[in-house]
Amino acid sequence: MDRQLYRQFEAFHWLTKRLKIQGRLPPLRGWPLSPDVLLELHEWIMETRPRLIVEFGSGSSTLVIADALSQVGAGRLVSIEHSAHYGRQTQANLEREGLSEWVDLRIGELEPWQGEHLNNREDQTVSWYPVALLEDLQNVDFVLIDGPPAKTCEFARYPAVPALIDKLSPNAAVWLDDAARGEEKRICQSWTEVFGGSFEMVPMEKGLGVFTFERKPSVDTDTDTDTDTDTSGNTNTRIETPDDTDSDTRTETPGDAER
């Protein structure tokens with residue numbers, strides 16, 4: 001325990017030395033990304049300079065990514081958030097630090113997911129972010145997954161890769177926080193089996209799953225018409241029926257946006 005606390009304190013120290021923001025970060029203990037992951041995130045973005053980043057779950061990670069993009073002077077973050085309350089907080093923090101230009105914050109309540117999923121329970125509604133928020137994205141270089149909350153449904157974070165796999169650039173990287181948890185371990189195993197690529201479990205405080213999917217540029221054989229099918233060949237149907245439970249009474253909300 002003492003060793004882990006020291007490691008997080010040390011990571012927080014070096015993180016704050018790298019950041020150019022003037023205000024304080026949101027709380028970093030518990031559900032949000034831990035300091036060691038945020039430090040790794042900031043260093044990785046400044047070294048690799050991804051052009052388009054997508055994150056699921058806004059909060060401290062949004063500020064850290066925007067700060068790195070600002071220092072690099074290039075790139076864009078599309079932040080997907082299901083809570084209007086936490087979205088407003090994130091937007092206010094970005095505006096306070098003058099980082100809004102680097103972030104496209106998109107807010108949409110969770111809705112039924114129509115694609116493939118690990119959850120086959122009949123007593124749960126499988127929900128995820130509105131896929132319409134992702135429709136215009138192409139050549140995504142980096143994906144950070146820290147939402148939706150585990151309380152949403154079993155294997156709540158599984159849809160992230162199926163939803164984006166055809167939108168990833170060659171050699172895109174995907175990071176999954178909380179990868180040491182049982183459900184996330186199953187998700188990591190399934191993504192590797194279904195979509196291929198390489199996978200590494202990085203020993204951060206709560207575990208970090210790091211994936212690299214080697215995607216070849218798509219070649220149109222017939223027409224230039226875009227299709228909207230997942231990797232299993234099933235067309236996804238979008239249901240515009242948002243979850244009307246937008247309360248802040250969650251008992252287990254592990255996403256970076258859930259504090």
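Structure: see above.
This structure is a prediction, so every number in the text was calculated from the model and none was measured. (Residues numbered from 1 in each chain as written. Predicted model: local features only at pLDDT ≥ 70, side-chain atom pairs only at ≥ 80, totals over all residues. Heavy atoms only, no water.)

As for the pairing of strand β1 (residues 52-56)
Burial analysis of β1 places five of its five residues in the buried class, which makes it a mostly covered element. Burial of β1 is two-sided: the residues L52, V54 and F56 facing one way and the residues I53 and E55 facing the other way are all buried. Pairing of β1 with strand β2 (residues 76-81) involves five bridges; the strand directions are parallel. Bridge pairing in β2 places V54 opposite V78. In the classification by handedness, the crossover that spans β1, the intervening helix α3 (residues 60-72) and the parallel β2 is right-handed. Examined bridge by bridge, β1 and strand β6 (residues 140-145) share four bridges and lie parallel to one another. (Buried < 20%, exposed > 50% of the residue type's maximum accessible area, 1.4 Å probe, protein only. Helix = DSSP H or I, 4+ residues; strand = E, 2+ residues; numbered from the N terminus. Pairing = 2+ DSSP bridges. Right-handed = clockwise from strand over helix to strand, strands pointing away.)

Overview of the sheet that holds strand β3 (residues 103-107)
The pairing of strands in a sheet happens through backbone hydrogen bonds and is either parallel or antiparallel. Strand order in the open sheet made by the seven strands is β3-β2-β1-β6-β7-β9-β8, with mixed pairing throughout. Single-partner strands in this sheet number two, and they are β3 and β8 (198-202). Averaged over all pairs of adjacent strands, the angle between strand axes in this sheet comes to 15°, irrespective of strand direction. One ladder, built from five bridges, connects β2 with β3; its direction is parallel. In the sheet register, I80 faces β3, and the bridge partner there is R106. Its contacts with the sheet place helix α2 (residues 35-48) against β1, β6, β7 (168-177) and β9 (208-213), and it is angled at close to 165° to β7. (Axes fitted to C-alpha atoms, helices over the stretch in contact; angles between N-to-C directions. Contact = heavy atoms within 4.5 Å.)

Structural notes on the packing of α3 against helix α4 (residues 84-96)
The contact between α3 and α4 brings their axes to 9 Å, and the two run at 30°. Between α3 and α4, the interaxial angle falls into the category roughly parallel. Here the hand of the crossing between α3 and α4 comes out right-handed. In this structure, α3 uses T62, L63 and A66 to contact α4, whose residues at the interface are T90, N93, L94 and R96. Partitioned by chemical class, the residues of the contact of α3 with α4 number three nonpolar, three polar and one charged. (Parallel < 35°, antiparallel > 145°, perpendicular 65-115°, else oblique. Left-handed = near helix turned anticlockwise from the far one by under 90°. Nonpolar A, V, L, I, M, F, W, Y, C, P; charged D, E, K, R; others polar.)

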